[in-house]
Structures are given as C-alpha cells and as structure tokens.
Amino acid sequence: MERFYITTPIYYVNSTPHIGHAYTTIAADILVRHHRQRGEATFFLTGVDEHATKVLRVAQEQGLEPQEYADRIAVVWRELPERLNVSNDFFIRTSDEGHKRFVRDFLQRIYDNGDVYEDVYAGWYCVGCEAFKTEDELVEGKCPLHDREPEWIEEKNYFFRLSAYQEKLLALYDERPEVVLPGFRYNEARSFIQGGLRDFSISRSGTDWGIPLPWDESQVAYVWADALVNYLSALSYARPGEDLVGTFWPAVRHLLAKDILRFHCVYWPAMLLAAGYEVPRQLFVHGYLLIDDRKMSKSLGNVIDPLDLIDVYGADAVRFWAARAVSFGQDGTVSIESLHERYERELANDLGNLVSRTTAMIARYRSGGLKRTEGGAPFDADALRARLVERLDQFDLTGALEEIWQEVRHLNQYVETSAPWQLAKDEANADELDRVLYNLADGLSAVAIALSPYLPETAPKILEALRQPVDLALDRIGTGVADPAEGIEAASPLFPRVDQPTAAA
C-alpha cells in the first residue's frame, strides 16, 4: 500500500495564529484528504514549537514561567486545526515528554558519529527568525523579515559539522531533482549548498528553557536542533504502544514557507544523515500571503485572524479562499475583500446556486425522482480525475481547484443551453429532460467528490441533497456514478448571504 505522510512546520507560540499559519495547515489537509481518497495509508502532523527564545521572552513579559505560558497558549493553537476542520492525526508540542526523549537520542546519535564539537560562537542573532544572520543578510543593519536589528550573541556552544555533508547533499540533490519543489526553490537550496556550508551551533547556554543535551546538561538544544526532529519524534509516540517510524518514514512530505527553506532543505537532511536516518521524500516550499506587498507578521502588525474569518464565512469558505486566492508556491496579495468576493461569486453563485437549481428542478419536474440515463455528459469526469492526480502529485492545489471549477462552470453553462424549464413544457421531451437532470446530478456528484478535500463540510451536503451515498473515494469521480434516487428536495443555500466586513484586519 502507498504511504503518504505530510507535515506542517510546527509553529512558534509567541503569539496567536494568523492566516499564514492557517494557509499551510489548510494546504496539508487538502493534500492528505486527497491521498486518503486514493486509498493510501496516511498520517498528518501539525503542532507547536515551544522552545524558542521569543517564547521565553513573551512569557517573561507576562510574568509567567515559560511552561505555564506555553500550556496556556497551546490551547489556542489546538483550536486552529479544529476550527478549520483539519483532519490531522496528531498535534505535537515540543514540551511533550515523548519528543524530549527522542530529541536527546537523536542528538546523541550525531554526537556519537563524531559530528559535534565545542567552540565559541559570536554573531548577530534575529530572535524573530530564531537564526543567526550574516552582515550580507541584513538590510541597513536590520532583519528584512522583521524590520528590526538583530542582537549580538557570543557564547561557547556545541556545533554540528554541517560542512562535512556538503558533497553528500549535492549528490542527493543531483540524484533527486524533485526532492524540493517548486523547481526554483530546488535551485535556491542547491545553490546555497554549493556556495559552501558552515557548521552551525546546536546548543544554547545560560538558559534552562529547552531540552538538555544528553552529554552536557548545562546546555540545551538550539531551537532548530529540537524543532526539526518533531517530524520523526511524533511517529514514535503519537499512537501509544506503537512505533510508526518504520511505517511512515521516509515517505514524508514537508510543507514549509520560504523563510525556513535553509533549515529544512539543508540543515535537516544533513542532521538526518548524521543520525543514521533516511532523508525526506519531498519538501514543498510555498510563498507568503502578503498584505500591502509585505509578509504577514505579528511584529509588523499586519495579520488576519483566521478564527475571525471562520466566524463570519465558515471554515469551508476560508479553506477555498486559501487554495484559490494565490497560486500555491508563489507569493500573493490577499485581503478580506477578496475572500468576500469569491464567497459571493464562486461559492454562493457558481456552486451553491447550481446545487439549488438542480435539486429544485428535480423536485419540481420529477417529484424528487432521479432516473439513470446515458449520453450527453457536460464534461469528462474520468479525465478530471486523472488531472487532479497529476496536479496534486505536484502540490498544485490551486491548479487542481481550477480544474474542478472549470467543470462547475461547464455545468452552469449546460443548465443554460439545455434549458430544462423549456423541456418541461412538452411531454414529448420527457426523456431528454430526464437525461439533462441526470447529467446535472451526476456531474454535481463528481464535482462534490473532487471538492471534498477542499470543502469537507460542503461536499457531503451536496451528495446528501442529491440522495447519493457519501462515498468520497477518488474512483467515484467519473461519468455515470450517480445512483437513481427518490425524495430529492430543493436544497437550502449552501453559502448564505453574509455582510461584508467594514474593514480588513
């Protein structure tokens, strides 16, 4: 059986979630739901990264112990996937005892392999990025992502011998050109490796907020030497008494934003090799959701709260907008106005009105009965299924959704060209009317199944309105899949009218 394991980055808990966090989480859920449709064994991981300097500082500002603060804020982060109707199998926290044990073992493996040494580090550190910065990476002395000056840090640490893995990583990239997608991100990561790798610190001194190193408990693991390991550690304890590492590793796909490319596409595979593990199957690097051409960031004060949007529009609308508004993999500007416009034009009108019209006509002209007929399908559903697989295997969430939406448009055009209301006026057209109504119901059934990874609440409602089994298997996307049915009634609006918010967040 094929296996599909997908992860989001684990998110810093120094503040509450914004739409950028929801964006990656939604994308991962769309992908894993699609692969479940294909009958594959799947595992979906998300969670939070707690052992960061910025988390410690926020806790101190609030007069709390860092663990107490993390326990409180983690509740809000758990709510994000729940409210987005995300089907993750496990929610990891880096303060989990299972994660701590695994990290200590993982780092000990690297140490025993001779790839760790002690030295003094001095350099500029951006707390927002949780990363050291070279002079070349700063713009007018500031981190370009967080628009603030980094701090000078000088301390004795343990270093990972990253430079020893330069040739192995280059060989990996040359052997597997699709290990990082999109292609331009692959080129970016490979160029970084080819430019020369510098060893990096994997520990911090002077703090006890973190996981103590197994060979020197006076120091704790640097946040990235801790957090990245979650992708493996979770498999070791997510299901009590069961070790899933052998089942799902290395059949893993990591989703990440471009600001953490270096850590995931360079540091992480090198650390895995040093610890004796295989490298991930694939990493997909997406762009930013931008407001006024700037990345969303709490420190910049330009965020959109996804939970507020769900309160107004519902989870499915937010999921749809996230996949539709920006081509997945690219940067793109978003606004609440664009969400409202797509909600009204595409969800309420294109899809919702189509379902309402189809069910109302079946109820009115055929007393709620649907007869199976053949011929005249308005689109090739079998071809749609093949295109979805091709698109989503390349992480093209936006392109796959456009493929589906083209068929929604075709169905709407079919309603206008076939004009069932005209056919119903003459009994001589009874067979043709049956055929048109069946084709509409059949096409909508295929569309609903195709849309189910994107709209997991709405898709079953469409099938139920058509009195069809809620079977979301991918092979149900085809022509002639709709069953004969009775009792079809005019469906209630799937996307009721909402008032547009007066201001963007």
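The structure under discussion appears in the preceding block.
## Quick look at the side chain of Asn-157
Within the fold, Asn-157 resides in strand β7 (residues 151-160). Judged by relative accessible area, which is 0%, Asn-157 ranks as buried. Reaching out from Asn-157, the side chain makes a polar contact with the side chain of Ser-201 at a distance of 3.2 Å. Setting aside its immediate chain neighbours within four residues, Asn-157 contacts Tyr-117, Glu-118, Asp-119, Tyr-121, Ser-201, Ser-203, Arg-204, Ser-205 and Gln-219.

## What to know about the sheet that holds strand β11 (residues 212-213)
Read from one edge of the open sheet, 3 strands run β10-β12-β11, paired in antiparallel fashion. Strands with a single pairing partner mark the edges of an open sheet, and in this sheet they are β10 (203-205) and β11. In terms of strand pairing, β11 meets strand β12 (residues 216-221) through 2 bridges, oriented antiparallel. Within the sheet, the bridge partner assigned to Pro-212 lies in β12 and is Val-220.

## Quick look at the pairing of strand β1 (residues 3-7)
The buried fraction of β1 is high, at 4 of 5 residues. One ladder, built from 5 bridges, connects β1 with strand β3 (residues 41-49); its direction is parallel. Pairing of Ile-6 across the sheet is with Phe-44, part of β3. Sheet topology places β1 next to strand β13 (residues 252-257); 3 bridges connect them, and they run parallel. When the bridges of β13 are listed, Tyr-5 appears paired with Val-252.

## Some points on the side chain of Arg-190
Along the polypeptide, Arg-190 turns up in helix α6 (residues 183-194). Note on Arg-190: relative accessible area 18%, which makes it buried. Leaving out residues up to four positions away in the same chain, Arg-190 has contacts with Leu-170, Tyr-173 and Asp-174.

## Some points on the environment of Ser-327
If you trace the backbone, Ser-327 turns up in the loop between α12 (315-325) and β17 (332-333). Of the residues examined, Ser-327 reaches a relative accessible area of 40% and is grouped as partly exposed. Distance from Ser-327 to Gly-287, taken between C-alpha atoms, is 9.0 Å for residues 40 residues apart in sequence. Those residues in contact with Ser-327, other than ones at most four positions away along the chain, are Tyr-23 and Thr-398.

## Structural notes on the pattern of salt bridges
Summed over the entire model, instances satisfying the criterion amount to 33 salt bridges. Salt-bridge contacts for Glu-40 lead to Arg-38; the nearest nitrogen and oxygen are separated by 3.4 Å. Here Glu-40 falls in the buried class, since its relative accessible area comes to 14%. Glu-346 is the salt-bridge partner of Arg-345, the closest N and O atoms lying 3.6 Å from each other. Given the relative accessible area of 2%, Glu-346 is considered buried. Residues participating in the shared-partner salt-bridge network are Arg-324, Glu-341, Arg-342, Arg-345, Glu-346, Glu-402 and Arg-409.

## Things to note about unusual backbone geometry
Note the cis peptide between Leu-181 and Pro-182, where omega equals -10 degrees. With respect to the element layout, Pro-182 can be found in the loop between β8 (180-181) and α6. Cis geometry marks the peptide bond from Trp-249 to Pro-250, where omega comes out at 10 degrees. With respect to the helices and strands, Pro-250 occurs in the loop between α9 (245-248) and β13. Phi angles above zero are rare outside glycine, and Ser-367 is one such case at about 50 degrees. The exposed category is assigned to Ser-367, whose relative accessible area is 67%.

## Here's the deal with the nonpolar core
In this structure, Leu-255, Leu-351 and Tyr-454 are the most contacted members of the largest nonpolar core, which totals 87 residues. Every residue in contact with Leu-351, bar those within four places of it in the chain, is listed here: Glu-346, Trp-405, Val-408, Leu-444, Leu-451, Leu-455, Ile-462 and Phe-495. Ranked by size, the runner-up nonpolar core spans 82 residues in total, among them Leu-45, Tyr-173, Tyr-186 and Ala-225.

## Remarks on the pairing of strand β14 (residues 282-286)
Most of β14 sits inside the fold, with 5 of its 5 residues counted as buried. Because side chains alternate across β14, one face comprises the buried residues Gln-282, Phe-284 and His-286, and the other comprises Leu-283 and Val-285, equally buried. Across 2 bridges, β8 lies against β14 in parallel orientation. Within β14, the position partnered with Leu-181 by the bridge is Phe-284.

Analysis parameters
- Residues numbered from 1 in each chain as written.
- Predicted model: local features only at pLDDT ≥ 70, side-chain atom pairs only at ≥ 80, totals over all residues.
- Heavy atoms only, no water.
- Helix = DSSP H or I, 4+ residues; strand = E, 2+ residues; numbered from the N terminus.
- Buried < 20%, exposed > 50% of the residue type's maximum accessible area, 1.4 Å probe, protein only.
- Polar contact = N/O pair within 3.5 Å; in protein donor to acceptor, adjacent residues only side chain to side chain.
- Contact = heavy atoms within 4.5 Å.
- Pairing = 2+ DSSP bridges.
- Salt bridge = Lys/Arg side-chain N within 4 Å of Asp/Glu carboxyl O.
- Core = buried A, V, L, I, M, F, W, Y, C linked by side-chain atoms within 4.5 Å.

None of this, on its own, says anything about what the molecule does.
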